[in-house]
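Here are the chains, one letter per residue:
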Amino acid sequence: MPRPSSPLLTRESVIAAALRIIDAEGLSACSTPRLAREFGVRAPSLYHHFADRADIMAEVARLVVRETPFPKDRDPAHWMDWFVEQAVNFRRTILRHPNVAPILLEFLPRDSLSALYDNAARLLAEAGVPVEVHALILDGLETLTVGAALITATKTPEKRDAPFAALDRSTDAALAAAVDANPWPTTEQLFSQVVRAMLQGALDNAGVRAP
């Protein structure tokens, strides 16, 4: 059987193509006419598979979220390490696709995340973390991780790894002293400590100390 002259147009192939275009050319480049040209069709053909461009962007967000690996060690005795690793993994995934970061603000796939959050809530319960701070932890980590990744993604690649890379030492002496005293030299290391501090703060709010 002869091969088709153009790539097969399916929901999955369109989503993958959209992500490739966004990664390579930026979010604004991913129009429906641009996507259609990838498959040798006209833009209306895409609407046999998607309601509109927003539907495509929502699926791109879901695809990126699903790339995030889960921590392997699910030990209630080290639950805080599990949450830190999960947040760092999610941040890394977003930063592999920095042009997608703004899409996550609008199209964060709650349906894809609900099973993860339920699993995380079960781990908190197994670890003896008071249930009244579970929602604080889960919602706070989502906001913190997506927000931190978005801020980092907007920076040029050479400035993404150093905290306060735009620091002007000639005018910002106090900030320069803080950066010099900071023991976590990369933005990922600093982010992991911010997550840990947030988790401890949630426990403190409930009157509990981490083991």
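Residues numbered from 1 in each chain as written. Predicted model: local features only at pLDDT ≥ 70, side-chain atom pairs only at ≥ 80, totals over all residues. Heavy atoms only, no water.

S.K.: What am I meant to see in the overall build of the protein chain here?
M.R.: The helix and strand tally for the protein chain stands at nine helices and zero strands. The order of α-helices and β-strands along the protein chain, N terminus first, is α-α-α-α-α-α-α-α-α. Oriented by its inertia axes, the alpha-carbon framework of the protein chain measures out at about 65 × 50 × 30 Å. Accessible surface computed for the protein chain: about 11600 Å², of which carbon and sulfur atoms make up 57%. If the 22 positive side-chain charges of the protein chain are averaged to one point and the 26 negative ones to another, these points end up 6 Å apart. (Helix = DSSP H or I, 4+ residues; strand = E, 2+ residues; numbered from the N terminus. Areas by Shrake-Rupley, 256 points an atom, 1.4 Å probe, with all protein chains shown as cover. Lys, Arg positive; Asp, Glu negative; His and termini not counted. Charge placed at Lys NZ, Arg CZ, Asp CG, Glu CD.)

S.K.: Looking at this structure, I do not really get the environment of Val133. What am I missing?
M.R.: Examined against the element boundaries, Val133 turns out to sit in the loop between helix H6 (110–126) and helix H7 (134–153). Note on Val133: relative accessible area 2%, which makes it buried. Discounting chain neighbours no more than four positions away, the residues touching Val133 are Ala202 and Ala206. (Buried < 20%, exposed > 50% of the residue type's maximum accessible area, 1.4 Å probe, protein only. Contact = heavy atoms within 4.5 Å.)

S.K.: What should I look at first to understand the pattern of salt bridges in this one?
M.R.: Pairing between side chains of opposite charge can happen when the charged atoms of each approach one another. By the definition in use, this model includes eleven salt bridges. In this structure, the salt-bridge partner of Glu67 is Arg96, at a minimum N-O distance of 3.7 Å. Of this pair, Glu67 sits in the loop between helix H3 (53–66) and helix H4 (79–96) while Arg96 is found in helix H4, placing the two residues 29 residues apart along the sequence. Glu67 gets classed as partly exposed once you look at its relative accessible area, which sits at 31%. For Arg96, a relative accessible area of 47% translates into the label partly exposed. Linking Asp180 and Arg169 is a salt bridge whose minimum nitrogen-to-oxygen distance equals 2.7 Å. Remark: Arg169 occurs in the loop between H7 and helix H8 (173–181) and Asp180 occurs in helix H8; sequence separation between them is eleven residues. Classification of Asp180 as exposed rests on a relative accessible area of 53%. For Arg169, a relative accessible area of 47% gives the class partly exposed. Taken together, the shared-partner salt bridges in this structure form one network comprising Arg11, Asp55, Glu59 and Arg62. (Salt bridge = Lys/Arg side-chain N within 4 Å of Asp/Glu carboxyl O.)

S.K.: Is there a simple way to think about unusual backbone geometry in this case?
M.R.: What is expected of a backbone is that most residues other than glycine have negative phi and most peptide bonds are trans. Positive phi values are uncommon outside glycine, yet Phe164 reaches one of about 55°. Tracing the backbone through its elements, the reader meets Phe164 in the loop between H7 and H8.

S.K.: For this particular structure, what's the right way to read the packing of aromatic side chains?
M.R.: Both the distance between ring centres and the angle between the ring planes are used here to describe each pair of aromatic rings. Summed over the entire model, instances satisfying the criterion amount to two aromatic pairs. Between the aromatic rings of Trp79 and Phe83, the centroid separation amounts to 5.8 Å while the plane-to-plane angle is 80°, which identifies the pairing as edge-to-face. With Trp79 and Phe83 both in helix H4 and four residues apart, the pair spans about one turn of that helix. Accessibility classification places Trp79 together with Phe83 in one group, the buried group. (Phe/Tyr/Trp six-rings, centres within 6.5 Å; stacked < 30°, edge-to-face > 60°.)

S.K.: Got a minute to help me understand the side chain of Glu59 in this structure?
M.R.: Checked against the element boundaries, Glu59 lands in helix H3. Apart from the residues lying within four places of it in its own chain, the contact partners of Glu59 are Arg11, Ile15 and Phe50.

S.K.: I tried to follow the packing of H4 against H7 on my own but got confused; where do I start?
M.R.: Packed helix pairs are characterised by how far apart their axes lie and by the angle those axes make with each other. Contact pair H4 / H7: the axes reach a minimum separation of 9 Å and the direction vectors enclose 35°. Between H4 and H7 the crossing geometry is right-handed. Residues Trp79, Phe83, Ala87, Phe90, Arg91, Ile94 and Leu95 of H4 form the contact with H7, whose participating residues are Ile137, Leu138, Leu141, Thr145, Val146, Ala149, Thr152 and Ala153. By residue class, the composition of the contact of H4 with H7 is twelve nonpolar, two polar and one charged. (Axes fitted to C-alpha atoms, helices over the stretch in contact; angles between N-to-C directions. Left-handed = near helix turned anticlockwise from the far one by under 90°. Nonpolar A, V, L, I, M, F, W, Y, C, P; charged D, E, K, R; others polar.)

S.K.: Got a minute to help me understand the nonpolar core in this structure?
M.R.: Soluble, globular proteins show a tendency: their nonpolar side chains are buried together. Counting 58 residues, the largest nonpolar core has Leu35, Val60, Trp79, Phe83, Ile137 and Leu199 as its most contacted members. Per-element tally for this core: the top contributor is H4, with nine residues. Apart from the residues lying within four places of it in its own chain, the contact partners of Ile137 are Trp79, Phe83, Leu124, Val129, Met198, Leu199 and Ala202. (Core = buried A, V, L, I, M, F, W, Y, C linked by side-chain atoms within 4.5 Å.)

S.K.: Is there a simple way to think about the environment of Ala176 in this case?
M.R.: When you line up the elements, Ala176 lands in helix H8. Taking relative accessible area as the criterion, Ala176 reaches 6% and is therefore assigned buried. Residues Ala176 and Leu136 lie 40 residues apart in sequence; the distance between their C-alpha atoms is 33 Å. Setting aside chain neighbours within four positions, we find Ala176 in contact with Leu167 and Arg169.

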